[in-house]
Amino acid sequence: KAQASDVRAVGRELGARYVLEGGIRKSASALRIHVQLVDAQTGAHVWAETYNRELDPSNVLAVQDDVTDCVVASVADTSGALVRSMAATVEEKPDAELTAADCILRHCRYQQRGTPDEHARVRSALESFVEREPGHAEVWACLGRLYVHEFGLGFNPRPEPLDRALRAAQRAVDLDPTSQHARNVIAQVHFF
């Protein structure tokens, strides 16, 4: 409270790549809440938003819940500011050096862009990854979704995209039966 901090120092102290910071101003029953996401390594602002709310003393927690939901949806969603920032850091990383998390970020970047060129690039990277390291459920689910897009969107089609999608999604479920992503891909395959 009422304290300026060096975000880079805070990031180092917490071992965090990103820092979410903010402030609150109150005037009568009006609240202005400012929140920003900062890259703790570079100090660059990734995202910022201001929320204006009326403060009802009997329902302070509702304001807190509302603003928290808005921040999480804007920052942490797969299309949110945090994922976009993280995905940009792996865009030029060579395919042979990708980790499972990098593959998922590449898939998220593809989902944001949705182009045939990006589809081909990410599909190739994910296929190479699962050949090297076949034990990552979420990567298999991402690959299954790319195969669904071959069929549904006509992106870079090869033979039997739905069969490949089903095999990839089933492999993901076998590796992690709780994977919502994998089950969603299986549902998409059956839909088509």
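Above this text sits the structure in question.
Report follows, based on the coordinates. (Residues numbered from 1 in each chain as written. Predicted model: local features only at pLDDT ≥ 70, side-chain atom pairs only at ≥ 80, totals over all residues. Heavy atoms only, no water.)

1. What about the environment of Leu31?
- Looking at the secondary structure, you find Leu31 in strand β2 (residues 30–39).
- In sequence terms Leu31 and Ser85 are 54 residues apart; their C-alpha atoms lie 29 Å from each other.
- For Leu31, the residues in contact, after removing those within four places along its chain, are Ile24, Arg25, Lys26, Tyr51, Asn52, Arg53, Leu55 and Val63. (Helix = DSSP H or I, 4+ residues; strand = E, 2+ residues; numbered from the N terminus. Contact = heavy atoms within 4.5 Å.)

2. Some remarks on the pattern of salt bridges
- Across all of its chains, the model carries 11 salt bridges by this definition.
- Asp102 serves as the salt-bridge partner of Lys93, at 2.5 Å between the closest nitrogen and oxygen.
- Assessed through its relative accessible area of 27%, Lys93 is described here as partly exposed.
- Accessibility expressed as a relative area gives 9% for Asp102, which makes it buried. (Salt bridge = Lys/Arg side-chain N within 4 Å of Asp/Glu carboxyl O. Buried < 20%, exposed > 50% of the residue type's maximum accessible area, 1.4 Å probe, protein only.)

3. Some words on the pairing of β2
- Of all 10 residues in β2, seven are buried; the element is thus mostly enclosed.
- Relative to β2, strand β1 (residues 18–27) runs antiparallel, the two sharing 10 bridges. Within β2, the residue paired with Ile24 across the bridge is Ile33.
- Turn length for the β1-β2 hairpin, with the two strands adjacent in sequence and antiparallel, is two residues, and the turn residue Ala28 shows positive phi of about 55 degrees.
- Bridge analysis of β2 against strand β3 (residues 45–54) gives nine bridges, and the strand direction is antiparallel. In the strand pairing of β3, Leu37 is matched with Trp47.
- Hairpin connection of β2 to β3: five residues between the antiparallel strands, including Gly43 at a positive phi of 80 degrees. (Pairing = 2+ DSSP bridges.)

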